[in-house]
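# Understanding the architecture of this molecule
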Amino acid sequence: TLPLPSDHGELFVGHNHRNGEENNEHHPDPIRAGGWSPLVSDRYQWLEVDLGERTKITAVATQGRYGSSDWLTSYLLMFSDTGHNWKQYRQEDSIGSFPGNSNADSVVQNKLQQPAFARFLRLIPLDWNPNGRIGLRLETYGCPYTSEVVSFDGGSSGLAFRLSPVPRKTSREVVSLKFKALRNSGTLLQAEGRDGLSLSLELERGKLFLLLRRGGTSSSESRRLASLGSLLDDQHWHHVVLEQKNAHLNLTVDKHTEKVQIAAEFNHWDIKQGNVTFSCAEPVSVAVTFTGPQSFLQLPGATASSSGGVSLGFQFRTWNKAGLLLTFDLPQQGGVVWLYLSEARLRLQIHKGGSALNDGQWHSVDVTSRRSRLMISVDKEEGGVAHANPPFPVTAGGQLFFGGCPAEDHSQDCENPFDVFQGCMRLLAVDNQLVDLITVQQRLLGNYSQLQIDMCGIIDRCSPSRCEHGGRCSQSWTVFHCNCSDSGYSGATCHSAVYEQSCEAYKHNGNTSGHFYIDVDGSGPIKPQLVYCNMTEENTWMVMQHNNTELTRLKPSAGVKQHSVHFQYSAQEEQLSAAISQSEHCEQELSYHCRKSRLLNTLGGPGSGRIQTYWGGAHPGSQQCSCGLQGDCVDPQHYCNCDADRMEWTEDSGLLTHKESLPVRSLVLGDIQRPGSEAAYRVGPLRCHGDKNFWNAAFFDKETSYLHFPTFHGELSADISFLFKTTASSGVFLENLGIKDFIRIELSSSTQVLFSFDVGNGPLEVLVESRDPLNDNRWHRVRAERNIKEASLRLDDLPVATQEAPTDGHFHLQLNSQLFIGGTASRQKGFRGCIRSLQLNGVTLDLEERAKITPGVQPGCPGHCSSYGSLCQNQGRCVERTNGFHCDCSLSAYTGVFCQTEVSVSFKPGSSVSYTFKEPYELSRNSSALPSSIYSDMTLRGENVSLSFRTNQSPALLLYVSSYYREHLALLINKNGEQDARLIVLPFFNPLHDKQFLDIDQNAREDFNLTSDGEFNAVKSLVLGRVHESDDLDPDLARLASLGFAGCLSVVQFNTISPLKAALLHPDTSPVVISGPLVQSNCGSAGSANPYAEENTHHLSDQSGSVGSGQPLVNAIRTDSALIGGVIAVAIFVIVTALAITARFLYRRKETYRNQEAKEVKQEDSQDFSFNNQAGSQNISTENPKEFFI
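These numbers come from a predicted model, not from an experiment.

### A few points about the state of the cysteines
Enumeration over the complete set of coordinates arrives at 14 disulfides. The side chain of cysteine 503 participates in a disulfide bridge whose partner is cysteine 533; the two sulfur atoms lie 2.0 Å from each other. Disulfide cysteine 503-cysteine 533: torsion about the S-S bond near -75°, hence left-handed. Of this pair, cysteine 503 sits in helix α2 (residues 503–507) while cysteine 533 sits in strand β36 (residues 529–534), placing them 30 residues apart in sequence. Residue class for cysteine 503 comes out buried when judged on its relative accessible area of 2%. Two residues share a disulfide in this structure: cysteine 889 and cysteine 899, whose sulfurs sit 2.0 Å from each other. Since a negative S-S torsion denotes a left-handed disulfide, the cysteine 889-cysteine 899 link at about -95° is left-handed. Taken together, the positions of cysteine 889 in the loop between β60 (884–888) and β61 (904–907) and cysteine 899 in the loop between β60 and β61 put the pair 10 residues apart, joining distant regions of the chain.

This is the structure:
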């Protein structure tokens, strides 16, 4: 493009006629003359250029006034076709101002990102040299722009065209047009296809809708295909493109495109014909924009009329819910009238009319007063009218104030107890006469402040919506807001995922088995899905169900040779594919039970949209079942048991483990029509374990080492999350640079993490500080997000830190260099330590693969127990794994993934669990044998006994330990008359006068000593429940031992021995003998109250929990039973010396009171348990049983 010559068009210098001047009246070209400078330098001046015809403007250059100290430092550009209804030009849809000059001589050229098409250009100074005045020389760049126009009157007029009927190689249609609308509704284009189908582009409330109709009338049934644009009735040109190729159609409005699918009937379009005018009407409608808190418009009041009333009218549009529209005095009564918006409703004093008036549309308001009758109408065509009958006539005072009041006016002429109005007004009328706002602009009528006259500067910040993942957008005049509820995402733009990406991640947040929402791609486009996380095994399994996981019998149907079965999963296809790809291993069980029904020699098999020729347990494409691969089919001539075609029932079962074949979408089974043929099938749920992303790590052993990846693209939204551990006090985790922009996350000190970036508005920093040092060689989690509204940084579970972004500024993050991990481009301030699970916008960077080929960086990072070892409870031991850790519960009386699940048993009077220790001669003969956690040394230097119990029985024997030397230890409950039950500990010899009584009361702890002249060696056995061998016991104790125990025993531990755990989980490999009925239960106190023992479910509708913590929000299994009782802890220690034995028993009681109700308790789901739960525990009675922990 070339600079426009001075004779290209007339130059018109517009200014404030009251305060301005033209320096060169006879030489209007500002380039050749000294330049333009108004008499008064303020923001109400402008320079207007008439280019003579519509022009494509591509750039603007400015220069200061010749030989002076007058120049502009920033300015606005406005464009118009008519010299009215100006539109402000914005870069990046947000930047409104342009940089100017720094002296009077240099030329600064600003290229427009998108060309402007207009005849008139207006430059408005914003800032200028503080030591001078406004001074300007101006040049525009562009070329003439011509196009045919057509005007429609809104009635039956129309323009028709038919595309050539000549066949073409491609069925591609393109319709491109520009339009400006005087109304906010109407049909723009209608295309007719075959069979009565039609496409229609319709303007409705300023938005453009693409509708599909069946039938040729507007009342026909329609379906909305797309919606684009907003405020398209602003009387400015808008560009629309419809591009169709086969069944794909792209709709573009201005710069925004939406893709839709349409019916195939639209391979040829026809549009009906009508009468049109080939010119474009340009009605003059002067609007005024109230931009800020100091904006107001003051007009003289109505002239005196015979009716003594008032008649006012105007139109307004806004996004704000509140603001003053109009106020005036009541001179006769000494009062004030306020017409204002409140909660998007129009109010006059306490009277109201209309609703939802903050929708950005034009709304008309008329206020009419005649004598003692006041009428207000809002959009009177729609019937919004309200009446009032004040006891006095309402007449306007000397002045009318629209939008607000003057800031310097302290008199009683204008008072505003409401919010100021931000929006547009037009068609202001007083006494049914339109106000000439151009005269107001020239300061010849009324007064105003901070107004943009002859334009409506409203912007729809929700079109297109910046709210992601289905977040709902709302807005005010200056900002927009995103409602992220029920979306599964959080943040200012609903960008960051609320839920973890896998069951593995939930496990390492301390959760146990339950239903959880997982978001496999984080902030990516895939929605969260509900899965079951099974954490009872060493591997953490993610289970995804479908609609039929039961064994299903096939029924023959007449005339149907093949039976087709389809499976619908709870997750969508993209969710399943991503979960399978992310997991280390996936499997799905297939089972076919048959009698005279062949399997693989009929059409069928598993597959995800593809036909497979193998069955579970075999290799893809092998045309075999599991038995064929192992060579143990019932008929060696066939590769599947069912293909033997025998009359006896047999089956082919196995696991599908090849990810390409998962999940099973359908089965096609055929051979069930012959006489005697029967079959049944089962397809289990999809099960996956492991998370490739969660443990993907790299170790940076030098400050100069780093990994580099392709440029990070996060122009509008960027989220970065990772875990780190280090012993260094500082270092850069991540950096990516652009020409001016950058993004960086670093450990700025041993207690601070800093997130900084620049998108063109200057650097912005967000800092989080920890009280504890971060260089403790433990894993710490960092989550940073940047969007067009704010930047946020979260460190571990500390409060999130945020910084708001400028509302009017650059917001595109433009990077062009490589992404550096663990270092910087300058190789300064590198990071030394481990980085794990690094994700950018939901995409995991494969640190391990890149580290394998990068010197100074090692793949993987061991040492997880320092961070996760605290998850192992109740003496569980953390054991390192290559990817993660697991809890070894062999030395604990508890079980479960974190050694948190109590092992409890309901005893009946005849029940007994006897644990036998090694005999002395066996121990001495095989001294090299190392005892496991199930066995113990015969010579005991001390005892540590703990258990929890609940019972109504008294007296009762809780625990009995005997030795080969007729010594014993007994723990029993005795009730003496009406006194409370007492806990009795019997030492290692028989005389009952040496027994100790422990009162069960509020004492927190009681210590006591026992003395004895014998040693407690050669321990023989430990018995819970009924003692069958009681010949050597005291008669009273023998009688009590023969009664047995009725109640609940839980987490019984004798030193390192857990007899209940051995009996329940390892009965075949443990020296235990079980007698009588024994029912596994979760009757233990902590088991019933412990949230880990229950399944839990996350819900999308509740985001009140801490984001990312993984704590379940709602229990999936609920119990009505509660517990009443106390918890007592007694530690019994006996120290043997050469002279004497001193026994110290440490007794501690914790008491909790709860209501107890009899009900069935559901057993926790575990594959290790070999006992089935039974409804109702035997110790439930009408009384409230007490529960104790010893």
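There is more to say, and it comes next.
### Some thoughts on the UniProt feature "domain: EGF-like" (unreviewed entry) in the chain
In the UniProt entry, the feature "domain: EGF-like" (unreviewed entry) is given for residues 458–495 and 862–900. The distance from the first to the last C-alpha atom of residues 862–900 is 25 Å, and the span holds 10% helix and 26% strand.

### Some remarks on the packing of aromatic side chains
Enumeration over the complete set of coordinates arrives at 29 aromatic pairs. Their ring planes at 40° and their centres at 5.4 Å tell us that phenylalanine 755 and phenylalanine 757 sit as a pair that is tilted. An aromatic cluster is built from Phe290, Phe314, Phe316, Phe402 and Phe421, whose rings are joined through pairwise contacts. A cation over an aromatic ring shows up here: arginine 836 above the ring of phenylalanine 694, its NZ or CZ 4.9 Å from the ring centre. Between the NZ or CZ atom of arginine 850 and the centre of the ring of phenylalanine 709, over which it lies, the distance is 4.5 Å.

### Quick notes on the nonpolar core
Among the nonpolar cores identified, the biggest contains 64 residues, and Tyr592 and Phe885 are the most heavily contacted of them. With four residues, strand β40 (residues 585–595) is the single largest residue contributor to this core. Setting aside anything within four residues of it in sequence, one finds phenylalanine 885 in contact with Lys507, His508, Cys865, Tyr868, Leu871, Cys872, Cys878, Val879 and Phe898. Membership of the second largest hydrophobic core comes to 40 residues, among which are Val759, Leu764, Val782 and Leu795.

### Comments concerning the sheet that holds strand β50 (residues 752–758)
Strand pairing in a sheet is mediated by backbone hydrogen bonds. Such pairs are either parallel or antiparallel. Ordered by their spatial adjacency, six strands build an open sheet running β46-β55-β48-β49-β50-β51, and the pairing between neighbours is antiparallel. Looking at which strands have only one partner, the edges of the open sheet turn out to be β46 (707–709) and β51 (764–769). Neighbour-to-neighbour, the strand axes of this sheet turn through a mean angle of 15°, independent of strand direction. Both strand β49 (residues 742–749) and β50 contribute to a ladder of seven bridges, which runs antiparallel. Its bridge partner being in β50, serine 749 is matched across the sheet by glutamine 752.

### Some words on the pairing of strand β47 (residues 718–726)
Two faces, one strand: in a regular strand the side chains alternate between the faces of the sheet. For β47, the tally of buried residues reaches nine of nine residues, placing the bulk of the element in the interior. Burial along β47 is two-sided: Ala718, Ile720, Phe722, Phe724 and Thr726 facing one way and Asp719, Ser721, Leu723 and Lys725 facing the other are all buried. Inspection of the sheet shows β47 paired to strand β56 (residues 833–840) by six bridges, in the antiparallel sense. Looking at the pairing, phenylalanine 724 lines up with isoleucine 835 of β56.

### Considering the confidence of the model for the chain
This prediction gives the chain a mean pLDDT of 77; 75% of its residues lie at or above 70. Considering only residues more than four positions removed or in separate chains, one finds that residues 350–354, a stretch of pLDDT under 50, has 11 contacts.

### Details of the pattern of salt bridges
This structure, assessed with the given rule, holds 21 salt bridges. A salt bridge links aspartate 81 to lysine 180, with the nearest nitrogen and oxygen atoms 3.6 Å apart. With aspartate 81 in the loop between β3 (72–80) and β4 (87–88) and lysine 180 in the loop between β8 (172–179) and β9 (186–192), this residue pair connects regions lying 99 residues apart in the sequence. Neither residue differs from the other here; aspartate 81 and lysine 180 are each classed as buried. A salt bridge links arginine 744 to glutamate 735; the shortest N-O distance between them is 2.7 Å. Overall, glutamate 735 belongs to the buried group, its relative accessible area being 5%. Several salt bridges share partner residues, and in doing so they unite Arg598, Asp645, Asp671 and Arg674 into one network.

### A word on the sheet that holds β9
Judged by pairing direction, the sheet is antiparallel, and its four strands sit side by side in the order β9-β10-β11-β12 without closing on themselves. Of all strands in the sheet, those with a lone pairing partner are β9 and β12 (222–228), marking the two edges. The average angle at which neighbouring strand axes cross in this sheet is 20°, direction not considered. The pairing of β9 with strand β10 (residues 197–204) spans six bridges and is antiparallel. In the sheet register, threonine 187 faces β10, and the bridge partner there is glutamate 202.

The rules behind these values
- Residues numbered from 1 in each chain as written.
- Predicted model: local features only at pLDDT ≥ 70, side-chain atom pairs only at ≥ 80, totals over all residues.
- Heavy atoms only, no water.
- Disulfide = S-S within 2.5 Å.
- Helix = DSSP H or I, 4+ residues; strand = E, 2+ residues; numbered from the N terminus.
- Buried < 20%, exposed > 50% of the residue type's maximum accessible area, 1.4 Å probe, protein only.
- UniProt positions renumbered as here; feature names shortened; annotations may be inferred.
- Phe/Tyr/Trp six-rings, centres within 6.5 Å; stacked < 30°, edge-to-face > 60°.
- Lys NZ or Arg CZ within 6 Å of the ring centre and 35° of its normal.
- Core = buried A, V, L, I, M, F, W, Y, C linked by side-chain atoms within 4.5 Å.
- Contact = heavy atoms within 4.5 Å.
- Pairing = 2+ DSSP bridges.
- Axes fitted to C-alpha atoms, helices over the stretch in contact; angles between N-to-C directions.
- pLDDT = per-residue confidence, 0-100.
- Salt bridge = Lys/Arg side-chain N within 4 Å of Asp/Glu carboxyl O.

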